[in-house]
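# Structural overview for review
The lines below spell out each chain.
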Amino acid sequence: MAEYMIDYEDISKFEVREDDVYLLTYPKSGTTWFKEILPCVLNGGNIDAIKDIPPDAKVPYLELVLSDTKLNTQLKEALLVSRDFDMDKMTPPRILSSHLYYEQLPKQVETKKAKVIYIARNPKDVAVSNYHHLKVLPFHSDSKSFDEYLDHFYEGKYDFYNISWKTHVMQAWEHKHMDNVFFIKYEDVRKDFNGTITKLSEFLGVKLDTAAIQRIADHCNIENMRRNPLARKANFLENFKIDPGANPFVRKGKVGGWKDVFTVAQNERFDKMYEKWMEGSDLHFEFE
């Protein structure tokens, strides 16, 4: 296991601001994409003001900045986040991201009613994207076949976090009724990107005209993200000697990519697991 440490106590006690925005995702559910979208929305569609700032400096990982192991420090440098990055000095409203469970967020998120934006993605595409992401990381513990990886996915074992997709999504879903929580599915964002930007702006209390919405949509579309060296995290790839062609941070981004990877047997097994996970829930996902 890589030497990635999460200081849960410091995170729990983290001083929250009432105007904070927390981007919460299970890994590979659109995190990098929304690290570009949200600052554009909060800046009123002023792309020039934020386009040259690295995504992880605009929207830092809470658990990464609050921990200081050797690997964490290397990751911060590779993601172009300074060693002495201070979230207290961020201009409000801060946007902070995390892959932790909803219930592991700072305690003050609920008491101060800070905004939480949760992106949920269908688990088959998540599994495939995670698999491709992890297998190119040099500090990942070992190289597994996709079949072996799926065993770990079912068991809720994800390197660095050991988090269950089912628990992660369901905890957020249980809070979707709260005024400070915005829950959206990745698949719905792909179907109506401009509409999503409009809903986000309303949730965040930002007025955007049609032109601003279109500027954000154009700047943040998947093809532009794939060409953007900062969004692709080119410095990270260079630092860790990862083939740029692997593009682990912005891959295909499509809905239904799992069909190119899953065997019939893997799909049948996954469907049974998914049915068990979702039993009794009114949450449903589109898989293509």
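Below, the structure is looked at part by part. Just so it is clear, the structure is predicted and the values come from calculations on it, not from any experiment.

As a further point, take the sheet that holds strand E2 (residues 95-98). Sheet strands associate in pairs through backbone hydrogen bonding, adopting either a parallel or an antiparallel arrangement. Pairing within the open sheet is parallel, and its four strands lie in the order E2-E1-E3-E4. Edge positions in the sheet fall to E2 and strand E4 (181-185), since each has one partner strand and no second. Recorded for the sheet is a direction-independent mean angle of 20° between the axes of neighbouring strands. Taken together, the five bridges between strand E3 (residues 115-120) and E4 define a ladder with parallel strand orientation. Bridging from a neighbouring strand, Tyr118 pairs with Phe183 of E4. Helix H2 (residues 31-42) contacts strand E1 (21-25), E2 and E3 of the sheet and is inclined by roughly 160° relative to E1. The strands that helix H9 (residues 165-173) touches are E1, E3 and E4; relative to E3, the one it contacts most, it runs at about 135°.

Those residues of helix H5 (residues 70-78) that sit buried are Leu71, Asn72, Thr73, Leu75, Lys76 and Ala78. Taken from the residues just after H5, Leu80 is the one with a positive phi, measuring 65°.

Moving on to the pattern of salt bridges. Counted under the stated rule, the structure contains twelve salt bridges. Between Asp20 and Arg94 there is a salt bridge, with its nearest N and O atoms 2.7 Å apart. Here the residue Asp20 occupies a position in the loop between helix H1 (8-12) and E1, and Arg94 occupies one in the loop between H5 and E2, the gap between them amounting to 74 residues. Classification of Arg94 by relative accessible area gives buried; the value is 1%. Here Asp88 and Arg94 are joined by a salt bridge, their closest N and O atoms 3.9 Å apart. In this structure Asp88 comes out as exposed when scored by relative accessible area, which is 52%. Ionic contacts of the salt-bridge type, sharing partners, join the residues Asp20, Asp88 and Arg94 into one network.

The subject of this paragraph is the environment of Tyr61. Checked against the element boundaries, Tyr61 lands in the loop between helix H3 (55-58) and helix H4 (62-65). Residue classification places Tyr61 among the buried residues on the basis of a relative accessible area of 13%. Residues Tyr61 and Leu24, spaced 37 residues apart in sequence, show a C-alpha to C-alpha distance of 9.9 Å. Among residues more than four places away in sequence, those in contact with Tyr61 are Thr31, Lys35, Asp56, Ser97, Ser98 and His99. There is a polar contact of 3.4 Å between the side chain of Tyr61 and the side chain of His99.

This part is about the pairing of E2. Of the two faces of E2, the one lined by Ile95 and Ser97 and the one lined by Leu96 and Ser98 are each fully buried. Looking at chain direction, E1 and E2 are connected through four bridges and run parallel. Paired with Tyr22 across the bridge in E2 is Leu96.

This paragraph deals with the packing of aromatic side chains. The final tally for this structure, using the stated rule, is 22 aromatic pairs. Centre to centre, the rings of Trp33 and Phe193 are 5.1 Å apart; their planes meet at 35°, and the pair counts as tilted. Here Trp33, found in helix H2, pairs with Phe193, found in helix H11 (residues 193-204); they are 160 residues apart in sequence, far enough to count as distant. Accessibility classification places Trp33 together with Phe193 in one group, the buried group. For the pair Phe146 and Phe262, a centre-to-centre distance of 5.3 Å together with 80° between the ring planes defines the contact as edge-to-face. Here Phe146, found in helix H8 (residues 146-154), pairs with Phe262, found in the loop between helix H15 (234-239) and helix H16 (264-277); they are 116 residues apart in sequence, far enough to count as distant. A relative accessible area of 9% means that Phe146 is categorised as buried. Residue Phe262 is classed as buried on the basis of its relative accessible area of 10%. A connected cluster of aromatic rings, assembled from ring pairs, spans Tyr26, Tyr131, Phe146, Tyr149, Phe153, Tyr154, Trp165, Trp258, Phe262, Phe270, Trp277 and Phe285. Lying over the aromatic face of Phe203, Lys115 brings its terminal NZ or CZ to 5.9 Å of the ring centre.

Parameters and conventions
Residues numbered from 1 in each chain as written. Predicted model: local features only at pLDDT ≥ 70, side-chain atom pairs only at ≥ 80, totals over all residues. Heavy atoms only, no water. Pairing = 2+ DSSP bridges. Helix = DSSP H or I, 4+ residues; strand = E, 2+ residues; numbered from the N terminus. Axes fitted to C-alpha atoms, helices over the stretch in contact; angles between N-to-C directions. Contact = heavy atoms within 4.5 Å. Buried < 20%, exposed > 50% of the residue type's maximum accessible area, 1.4 Å probe, protein only. Salt bridge = Lys/Arg side-chain N within 4 Å of Asp/Glu carboxyl O. Polar contact = N/O pair within 3.5 Å; in protein donor to acceptor, adjacent residues only side chain to side chain. Phe/Tyr/Trp six-rings, centres within 6.5 Å; stacked < 30°, edge-to-face > 60°. Lys NZ or Arg CZ within 6 Å of the ring centre and 35° of its normal.

Note that all results are geometric; they support no functional claim without further evidence.
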